[in-house]
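The chain contents come next:
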Amino acid sequence: MNLHRTPSRRLALAALFATLAFTAALPAQAQPAAAWPTKPIKLVVGYAAGGATDVIARIVAAELGKQLGQPILVDNRAGANSNVGAELVARAPADGYTLYVYTIANTINASLYDKLGYDPLKDFEPMGLIAKVPNILVVNPQLPIKTLADYVSFAKSSPNGITFASAGSGSSIHLSGELFKMAAKVPMLHVPYRGSAPAVTDLLGGQVQSMFDNAPSALPHVRGGKLQAIAITSPQRSPLLPEVPTVAESGFPGFDVQSWFGIAGPAGTPQAVVQRVNTELLKVLALPEVRQRLLNLAATPEPGTPAQMRSWTLSEAKRWREVVKQSGARAE
């Protein structure tokens, strides 16, 4: 090639080389995202394998990876009510290759902990909600409680109220009970455990009387007749337990408490990546087999935009801030 044909040709080539050099020098998160992804993606889950968050993450990750053309590897980083995994992602490069399953716990943690190594609201880029899972108010079947009215009456007539177990102080299971306690104005004594499994064990054994347990955990015991389902905390009844009324229809209009799950990246993730994840996530949530697998877990698919997820997380953080404050809940 003759580089000395004309001054204009030399100027054009010089400009081209300068542009290429500038683009190569840009940090990863500032570069064009059209080619993303070109390698496997890590999806961090803030809980141990086998729990509801992990199972839902793996259902979505398998199909989302197919849509994106790269495998999505689930990375369980359990600890401190999901704060270990959340902080890891908050400090990761904002290049789209480290994502996080953002949950209700993160919005609760924003006010539950006096000090965190990251900001649950400012350090993440919401990409889209996945699903919501209701809680079920369950009681030991030996108690004379069949309805929510019975539950309230029993609590008011008992000298010390009624006990309710949880997976730990400040968990969504705990705060579901606190929110109902505030709404119903009934005496309820919180009994925290280190996880849902030991709480359910003592509920089955009669050491505690009730629990607002996550639906996937409570369902097998309800179906087996070992626990009595009183009410479900979602706005609509669950097709898995159509005979169980909602708290809202049982005398507390507007009561709606559900665990929820979404996908987020570190703050500053390129908007092209955010939109790509959201677009493919919506396709995944529309797949009949994915929807059925989620519904089998009592999880309702919740497709939406990144903006809707951001608005939701802010509203949830505000809501739980008030409940944490009034209940006096503190991180253990």
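Because the structure is predicted, anything quoted here is derived from the model rather than measured.

Considerations on the pattern of salt bridges
By the definition in use, this model includes 12 salt bridges. Note that K132 is salt-bridged to E302, the shortest N-O span being 3.6 Å. Within this pair, whereas K132 is found in strand β4 (residues 124-139), its partner E302 is found in the loop between β10 (300-301) and α11 (306-327), the two being separated by 170 residues in sequence. A relative accessible area of 11% places K132 in the buried class.

Focus on the pairing of strand β1 (residues 41-45)
Summarising burial for β1: 4 of the 5 residues are buried, a large majority. With 5 bridges connecting them, β1 and strand β2 (residues 72-76) associate as parallel partners. By the bridge assignment, V45 is partnered in β2 with N76. The β-α-β motif built from β1, the intervening helix α2 (residues 52-68) and the parallel element β2 has right-handed crossover chirality. Here β1 runs beside strand β3 (residues 98-103); their pairing, made up of 3 bridges, is parallel. Directly across from K42, in β3, lies its bridge partner T98.

Examining the nonpolar core
Counting residues in each nonpolar core, the largest one holds 52 residues, and the members touching the most others are I130, I136, V138, M211 and I263. No other element matches α2, which puts 7 residues into this core. Among all residues touching V138, those that are not within four sequence positions of it are L203, Q209, S210, M211, A218, V222, L227, Q228 and A229. Among the nonpolar cores identified, the runner-up in size contains 43 residues, and A155, M188, F252 and V257 belong to it.

Conventions used here
Residues numbered from 1 in each chain as written. Predicted model: local features only at pLDDT ≥ 70, side-chain atom pairs only at ≥ 80, totals over all residues. Heavy atoms only, no water. Salt bridge = Lys/Arg side-chain N within 4 Å of Asp/Glu carboxyl O. Helix = DSSP H or I, 4+ residues; strand = E, 2+ residues; numbered from the N terminus. Buried < 20%, exposed > 50% of the residue type's maximum accessible area, 1.4 Å probe, protein only. Pairing = 2+ DSSP bridges. Right-handed = clockwise from strand over helix to strand, strands pointing away. Core = buried A, V, L, I, M, F, W, Y, C linked by side-chain atoms within 4.5 Å. Contact = heavy atoms within 4.5 Å.

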